[in-house]
Every structure is written in structure tokens, then in C-alpha cells.
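# Notes for the structure review
The residues making up each chain are set out below.
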Amino acid sequence: MFIKTTNGFNIGDWTKTTMEHESLSGIFTKGSKVKITDIDPIRGYSIEDEDGNKMIEIGWNV
């Protein structure tokens, strides 16, 4: 029998950021409500807020 572990988020999950994420296009402040839109096995999560602001490959700490 295979039992899948849940070590993190899945695509489509909503969560709040636990730290600030900064890119050239802007900043998601700590506590921002975001959705996981992609998971890169090396570079981590991509996120998007309710207004369509996106950030890709933010690492493994949301």
C-alpha cells in the first residue's frame, strides 16, 4: 500500500504568506492571501493573489 505524504501545498491551495516575497514587479507582504499556481520541483512555488498579481519560483517557504 502507498500512503502519500503531504509535505507542503498543492496547486490551487489558498494560504497566507509567512514572509515577505520581493521581485522586480512588486512585493507580497507577510500575511498576503495567495493561491499556489505552480510547483517547480527545484525552484519551488508560484503564487498569485485575488487581484491577479503573480510571482513565480519563490522557493519552498510561502
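Residues numbered from 1 in each chain as written. Predicted model: local features only at pLDDT ≥ 70, side-chain atom pairs only at ≥ 80, totals over all residues. Heavy atoms only, no water.

What follows deals with the packing of aromatic side chains. Enumeration according to the criterion identifies two aromatic pairs in this entry. Considering the side-chain rings of Phe9 and Tyr45, the 5.7 Å spacing of their centres and the 70° angle between planes classify their relative orientation as edge-to-face. Highlighted residues: Phe9 in the segment before strand 1 (14–16) and Tyr45 in strand 5 (residues 44–48), separated in sequence by 36 residues. The exposure class assigned to Phe9 is partly exposed, which follows from its relative accessible area of 30%. For the ring pair Tyr45 and Trp60, a centre distance of 5.2 Å and an interplane angle of 75° mean the geometry is edge-to-face. Of the two residues, Tyr45 sits in strand 5 while Trp60 sits in the segment after strand 6 (54–55), which places them 15 residues apart along the sequence. Classification of Tyr45 as buried rests on a relative accessible area of 4%. An aromatic cluster of three or more residues is present, and its members are Phe9, Tyr45 and Trp60. Against the face of Trp14 rests Lys33, its NZ or CZ located 5.2 Å from the ring centre. (Phe/Tyr/Trp six-rings, centres within 6.5 Å; stacked < 30°, edge-to-face > 60°. Helix = DSSP H or I, 4+ residues; strand = E, 2+ residues; numbered from the N terminus. Buried < 20%, exposed > 50% of the residue type's maximum accessible area, 1.4 Å probe, protein only. Lys NZ or Arg CZ within 6 Å of the ring centre and 35° of its normal.)

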